[in-house]
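# Reading the structure
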Amino acid sequence: MIKTAIRSTILLFILLGFFGYSQDKKNFSNIPTILQQIIPNDRIDSWVLVYNSYGKNQEIRTSGGKKDYTPQFSGFNLFPSEDSFYYIAYFTGGKMNYITDLEGLKKFVGKIDNAEEAAIVLTTEGYMVDEEFKDVAGNYYEDTANYYLDLGKLTSKECPYQKTHFTLTVNKSSGAVSKIKDNGTYIELYNKKCANNPRLLKIQKKEEPKDEPKKSTQRK
């Protein structure tokens, strides 16, 4: 009887530890920090991650012996931005190569080694870590089998500009997405030209001012 109680208590603590671990959500850091967690699976002699903002290059991370590389004039973004981009210059097999798009970045990442790499790979499907809304579209938790990522996605470029957040389950072994949960819209932005702008519609629905009664001009 005592042994049974002890076993039950141990099992309870194991289960509590498991669920506590699996539900421990962590916010992703900023985009540069996410990219710094890349662990290439192919044999790379050296590589450098470069951030270009308004034409100025800044090396975010270097790995291996530094090699001369040619500055690039285009690159990739994990979050939509018109004024900046990233690119990777890597040296392997006696040749310098460059990564300037998301598909190339996905191949460079290879097998998913951490939650940050899972988020990077999912950008090729249109998902993103939204740094302004990390609580709903920029966090994750994990268990022994999967990563569970809360990410955003631009679901409408028309009026209104709209973002939706999703929870994606990514298998640690295969890197496959086994489940996508739609959590709904978390932001909608209208501009003055939007035909369905609720503010404009409200103004249009207001009653037009009634004409004042004309004064009588008849003499007494």
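Check the entry above for the structure.
Let us look at the structure shown here. (Residues numbered from 1 in each chain as written. Predicted model: local features only at pLDDT ≥ 70, side-chain atom pairs only at ≥ 80, totals over all residues. Heavy atoms only, no water.)

In this section: helix α3 (residues 102-109). Along α3, the residues classified as buried are Leu 105, Phe 108 and Val 109. Each buried residue of α3 lies within a common arc of 100 degrees when the element is viewed along its axis, so the set occupies one face. Those residues of α3 that are buried are in contact with α2 (31-35), β2 (46-53), β4 (84-92), β5 (95-99) and α4 (115-122). Remark: Gly 110 follows α3 within two positions and exhibits a positive phi of approximately 70 degrees. (Buried < 20%, exposed > 50% of the residue type's maximum accessible area, 1.4 Å probe, protein only. Helix = DSSP H or I, 4+ residues; strand = E, 2+ residues; numbered from the N terminus. Arc of directions from axis to C-beta. Contact = heavy atoms within 4.5 Å.)

This brings us to the nonpolar core. Within the largest apolar cluster, 33 residues are counted, with the highest numbers of intra-cluster contacts made by Phe 28, Leu 35, Ile 38, Ile 88, Leu 105 and Leu 149. Among the elements of the structure, α2, β2, β4, α3, α4, β8 (146-156) and β9 (161-171) are those that each provide at least two residues to this core. The residues touching Phe 28, leaving out its near neighbours within four places in the chain, are Ile 34, Ala 115, Glu 116, Ala 119, Val 129, Lys 134, Gly 138, Asn 139, Tyr 140, Leu 149 and Leu 151. Core analysis: the second largest hydrophobic core is formed by seven residues, Val 50, Tyr 87, Ala 89 and Met 96 among them. (Core = buried A, V, L, I, M, F, W, Y, C linked by side-chain atoms within 4.5 Å.)

Within α4, eight of the eight residues are buried, leaving the element largely enclosed by the surrounding structure. Every buried residue of α4 is accounted for by Ala 115, Glu 116, Glu 117, Ala 118, Ala 119, Ile 120, Val 121 and Leu 122. Measuring from the side-chain oxygen of the N-cap residue of α4 to the backbone nitrogen of Glu 116 gives 3.2 Å; that N-cap residue is Asn 114. (Polar contact = N/O pair within 3.5 Å; in protein donor to acceptor, adjacent residues only side chain to side chain.)

By the definition in use, this model includes nine aromatic pairs. Ring plane angle 20 degrees and centroid distance 6.3 Å describe the contact between Phe 76 and Tyr 86, whose orientation is recorded as stacked. One end of the pair, Phe 76, is in the loop between β3 (56-63) and β4; the other, Tyr 86, is in strand β4, with 10 residues separating them in the sequence. Tyr 86 matches Phe 76 in its accessibility class, with the two residues each being buried. Each ring, one from Tyr 141 and one from Tyr 148, has its centre 4.7 Å from the other, and the planes form 20 degrees; the classification is stacked. Neither residue differs from the other here; Tyr 141 and Tyr 148 are each classed as buried. An aromatic cluster of three or more residues is present, and its members are Trp 47, Tyr 90 and Phe 108. The ring of Tyr 127 has Lys 153 lying over it, and the distance from NZ or CZ to the ring centre is 4.5 Å. A cation over a ring is seen here: Lys 172 above Tyr 147, with NZ or CZ 5.0 Å from the ring centre. (Phe/Tyr/Trp six-rings, centres within 6.5 Å; stacked < 30°, edge-to-face > 60°. Lys NZ or Arg CZ within 6 Å of the ring centre and 35° of its normal.)

So, about the layout of surface pockets. In this model, the largest pocket occupies a volume close to 160 Å³. Lining the largest pocket are Ile 31, Pro 32, Tyr 51, Asn 77, Leu 78, Phe 79, Ser 81, Ser 84, Tyr 86, Glu 131 and Glu 132. When residues of the lining of the largest pocket are traced back to their parent elements, those giving at least two are α2 and β4. Looking at the lining of the largest pocket residue by residue, the class counts come to six nonpolar, three polar and two charged. (1 Å grid on protein atoms, 1.4 Å probe; cavity = no way out; pocket = protein on both sides within 12 Å on 5 of 7 lines; lining within 4 Å. Points joined across faces, edges and corners; volume = space filled by probe spheres on them. Nonpolar A, V, L, I, M, F, W, Y, C, P; charged D, E, K, R; others polar.)

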